[in-house]
Amino acid sequence: MSSTACAHTCCSQKKGVTQKMREIDVDAARTVDLEMGLSGKEHVILSISGLTCTGCETKLSRTLAKLPAITKLKTSLVLSRAEFDLDVGTTSAVEVMKHLERTTEFKCERVTNQGSSLDLICRGDPTDIVKGDWPDGVTEVKMTDQKTIRVAFDAKIVGARDLVEKGWPNPMPLAPPRADPTLEAGARHVRHVGYMTLLSIVLTIPVLVLSWAPLPDKERKAITFGSISLAFATIIQFVVAGPFYPKALKALVFSRVIEMDLLIVLSTSAAYIFSVVAFGHLVAHNPLSTGEFFETSTLLVTLIMVGRYVAALARQKAVESISIRSLQSSTATIMDQDVEKEIDARLLQYGDVFRVSPDSKIPTDGTVISGSSEIDESMLTGESRPIEKFKGSPVIAGSINGSGVLTVRLTRIPGDNTISTIAGMVDEAKLSKPKIQEIADQVATYFVPVVISITIVVFCIWIAIGIAVQNKSGSEATIQAITYAITVLIVSCPCAIGLAVPMVIVVATGVAAERGVIFKSADAIEIAYKTTHVVFDKTGTLTQGKLTIAREEYPSASPSMKALLLGLIGSSKHPVSVAVATHLKMDGVTPTTVSDPKSVVGRGVEGTFAGRTLCAGNSRWLNLSNDPLVQSILSQGYTAFCFTVDGSLAAVFGLEDSLRKDTLSTITTLQQNGISVHVLSGDDDGAVRAVASRLNIPDSNVRSRCAPADKQAYIKNLFATPDLHNSEKKANKPVVMFCGDGTNDAIALAQATVGVHMNGGTDVAKSAADVVLMRPSLSGILIAITVSRKSIHRIAFNFGWSFVYNVFAILLAAGAFVHARIPPEFAGLGELVSVLPVVAAGILLRWAKI
């Protein structure tokens, strides 16, 4: 492979590390700006009602994208949601919402997922509260209906309970709990479509009875029956199908989108108008040969509504089934002056102490201050055995208490606990779109115009066939052609194409999250199954990161050395420093204050004391690899940690670590699947190769004493070098997965095609990663690859089904088969038949073997 091709391959797999790290820095800077009120931009999340197909999402995104104040726009059909950054100096979120509702007929509501909020019931006029003085800590008050207000507040300034009980002149009770904000719009849409469907069914049944039932004196009462049918059909056309008209026209005028609603408008209008004309001929005693067929227009609308209702309900149930926030407990028992009091969990605030009864859910994150019990944390950790908890132990929201009673001090409120954090990352992935979605969007964009063109061709062909072949009159041939054209218009359905990708992505992210794997982007789901190389950091990734001191030596006999060392490394978060510091503290060492201790990434810690330079870190940085005492420790396969004073060795420690219990099985499975496994570590060579040997990883795939830049260079080289062991597995396009946990792994995480962050690592590493393993288990890598593979298989099935259905349905509707066709009145079943398999393919992923 040429160097040019290698460079192209590397770039095509993923953005360069510099660009990705810059994006991380920009995102971090934007967050800081927002918090400090300096940015001029605000992040807006809108919950959208009325999204039914991919055309609706296209209309939504185009309408918002035209506004210059909006950047970083993301939309989701399945979640009924739009997210973007808004330049508040140009316009406001309220103006954007008004513009959106005016030009699209969608209904939207702003969702707040940052900070805290409560819904309160007003005893008086809510506008007085909105316009009046707000308590300290309240940032926004708005009306949600005539009796309810939504209060946003800073929980660090005012507690939820204090706000409700003492914050207002008159105490206001909590409104009934709302569902997950991301699910509310979908639930409202399902209810609305359900009511409209029920109304359409109730009105359609009499029309069908009058048309199809063998009623007495049917011919003599034809005008009477026709009048009743006309009345019911008119109500259906204007009340049930009426909302399709402004949506279709506004999409065409404002967004320049020809969507599914236009097909419905054209087909149902043609059937209804034709029936009205036929009824007019009947009243004029000049009936058409076909008669009027109001049952066609009414049944058409009803079946379309049934299809939309079932599809919307299935989508909603799929989203609800993987809602992480549903794990949150609704009540909590707090200790108020040694008196137990059960409250709504929304009213928990900082400083609270709550009691956890046997067999109940932990309401939010906290620390046990008394009692002991065993807790089932499998929802987060995947550990099937209950974990013992006692004084000082942390507890996690949503986990299940065993038989003991615990008293817990709250550390995080429900709106900002572990469940909320995980749910936020999952939502981010649901909103992102993989590259394969671009294909679906492009096909859906051209779908409706193509169908309209086919309809015109079918109409013309059947007029010609009717006159030239079937010897019908011009009017009879036209009537026949209209029925075929109507059927073609309505039986075609782009909804399956539009849902093919997002339906699977939404379910896949939820399924993975339930198993402790958080995909931060849909791109990671799309590419993970193609992985050819998995590169691991050692400490804290392959190993547990719980280092123990196996050997320690002090060349200098000065008793102050331990105190100086503890003062230098006491605040470091690196696993080696933490292990040594813990060991010294257990020996009763009191730290000496060291001036300006500073971490040097990938090397160690340095500082000063009384004019002397103190350094603690690896032997290469301190040029001590050849020291006899250090060599002795290294030869035993230990990790060497050295301490120097003014360049002289003052202490050296030999540390050892144990492998995670599933490390060997995970790596064995990866190798059996033809994936090359590599180890990169900043640790000493002996320690790294000892671990690699136990895991059967070839020496050629092992690098020790790696600085962050060395890890980056190694991954770049993998992109440029085909995998000689797996020449059949896309050797020309390597897909590299890197798994690490520390700050020094951030660059490698960003450089890799898929960066995997190990549970318990640093926030910087988490920001750079594409996948986060929430459980302390390497099997999450296998889960990520399996979820990716099964997701892509289902997306491929969805695309295949969409193509086969639409081709076959259009041929049937157009009369291409001599003895088989779809009657126009049953064409409305098309949406149901096309969409349900796509939705089912996504939902069944929940029960797939992963």
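Whatever comes next refers back to the structure up there.
Read on for a plain summary of the structure. Since we're looking at a predicted model, the values are computed, not measured.

Observations regarding the overall build of the chain
And then number 1: The helix and strand inventory of the chain stands at 29 helices and 29 strands.
And then number 2: Relative to its 850 residues, the chain shows a buried fraction of 52%.
And then number 3: Put simply, 70% of the contacts in the chain that link residues at least 6 apart link residues at least 24 apart.
And then number 4: Surface accessibility of the chain: about 36,800 Å² in total, with carbon and sulfur atoms responsible for 58%.

Comments concerning the packing of aromatic side chains
Think of a pair of aromatic rings as described by two things: how far the centres are apart, and how the planes are tilted against each other in angle.
And then number 1: Summed over the entire model, instances satisfying the criterion amount to seven aromatic pairs.
And then number 2: Among the aromatic residues, those joined into a ring-pair cluster are Y554, F641 and F653.
And then number 3: The aromatic ring of Y484 is capped on one face by R821, whose charged end is 3.8 Å from the ring centroid.
And then number 4: A cation sits over an aromatic face here: R846 above W847, 5.7 Å from the ring centre.

Some words on the environment of V239
And then number 1: If you trace the backbone, V239 turns up in helix α8 (residues 222-240).
And then number 2: Beyond its immediate stretch of four places on either side in the chain, V239 contacts M196 and L199.

A closer look at a nonpolar patch on the surface
And then number 1: Together, F803, V804, V807, F808, L811 and F817 make up a nonpolar patch on the protein surface, roughly 550 Å² of accessible area in all.
And then number 2: If you trace the backbone, F817 turns up in the loop between α28 (779-814) and α29 (829-843).
And then number 3: Under the relative-accessibility criterion, F817 is labelled partly exposed at 33%.

Brief notes about the packing of helix α4 (residues 93-104) against helix α9 (residues 244-254)
And then number 1: Interhelical geometry of α4 versus α9 gives an angle of 110° and a closest axis separation of 8 Å. Judged by the angle between their axes, α4 and α9 are roughly perpendicular. Contacts between α4 and α9 involve E101, R102, T103 and T104 from the former and K247, K250 and F254 from the latter.
And then number 2: Residue composition of the contact of α4 with α9, by class: one nonpolar, two polar and four charged.

Observations concerning the side chain of T455
And then number 1: Tracing the chain through its elements places T455 in helix α14 (residues 435-469).
And then number 2: When its relative accessible area of 8% is taken as the criterion, T455 is described as buried.
And then number 3: Sequence-distant contacts of T455, that is, excluding residues within four places in its chain, are made with A485, V488 and L489.

Examining the packing of helix α17 (residues 502-514) against α28
And then number 1: Where α17 contacts α28, the two axes come as close as 10 Å, and the packing angle between them is 160°. Taken together, α17 and α28 sit at an angle that is classed as roughly antiparallel. Along this stretch, α17 crosses α28, giving a crossing that reads as right-handed. The segment α17 lies against α28, with V504, A508 and A512 engaging V787, S791, R794, I795 and N798.
And then number 2: Counted by class, the contact of α17 with α28 contains five nonpolar, two polar and one charged residues.

Looking at the pattern of salt bridges
And then number 1: Summed over all chains, the structure comprises 17 salt bridges.
And then number 2: Where D344 meets R346, a salt bridge forms, and the shortest distance between an N and an O atom there is 2.9 Å.
And then number 3: Under the relative-accessibility criterion, R346 is labelled partly exposed at 26%.
And then number 4: Close ionic contact of R689 with D699 constitutes a salt bridge, the shortest N to O distance being 3.7 Å. Within this pair, whereas R689 is found in helix α24 (residues 685-694), its partner D699 is found in the loop between α24 and β26 (702-703), the two being separated by ten residues in sequence.
And then number 5: Taking relative accessible area as the criterion, D699 reaches 54% and is therefore assigned exposed.
And then number 6: Through salt bridges that share partners, E109, D119 and R150 make up one connected network.

Reading the values: the criteria
Residues numbered from 1 in each chain as written. Predicted model: local features only at pLDDT ≥ 70, side-chain atom pairs only at ≥ 80, totals over all residues. Heavy atoms only, no water. Helix = DSSP H or I, 4+ residues; strand = E, 2+ residues; numbered from the N terminus. Buried < 20%, exposed > 50% of the residue type's maximum accessible area, 1.4 Å probe, protein only. Contact = heavy atoms within 4.5 Å. Areas by Shrake-Rupley, 256 points an atom, 1.4 Å probe, with all protein chains shown as cover. Phe/Tyr/Trp six-rings, centres within 6.5 Å; stacked < 30°, edge-to-face > 60°. Lys NZ or Arg CZ within 6 Å of the ring centre and 35° of its normal. Patch = residues over 30% accessible without salt bridge, like charges linked within 9 Å, V, L, I, M, F, W, Y side chains within 5 Å. Salt bridge = Lys/Arg side-chain N within 4 Å of Asp/Glu carboxyl O. Axes fitted to C-alpha atoms, helices over the stretch in contact; angles between N-to-C directions. Parallel < 35°, antiparallel > 145°, perpendicular 65-115°, else oblique. Nonpolar A, V, L, I, M, F, W, Y, C, P; charged D, E, K, R; others polar. Left-handed = near helix turned anticlockwise from the far one by under 90°.

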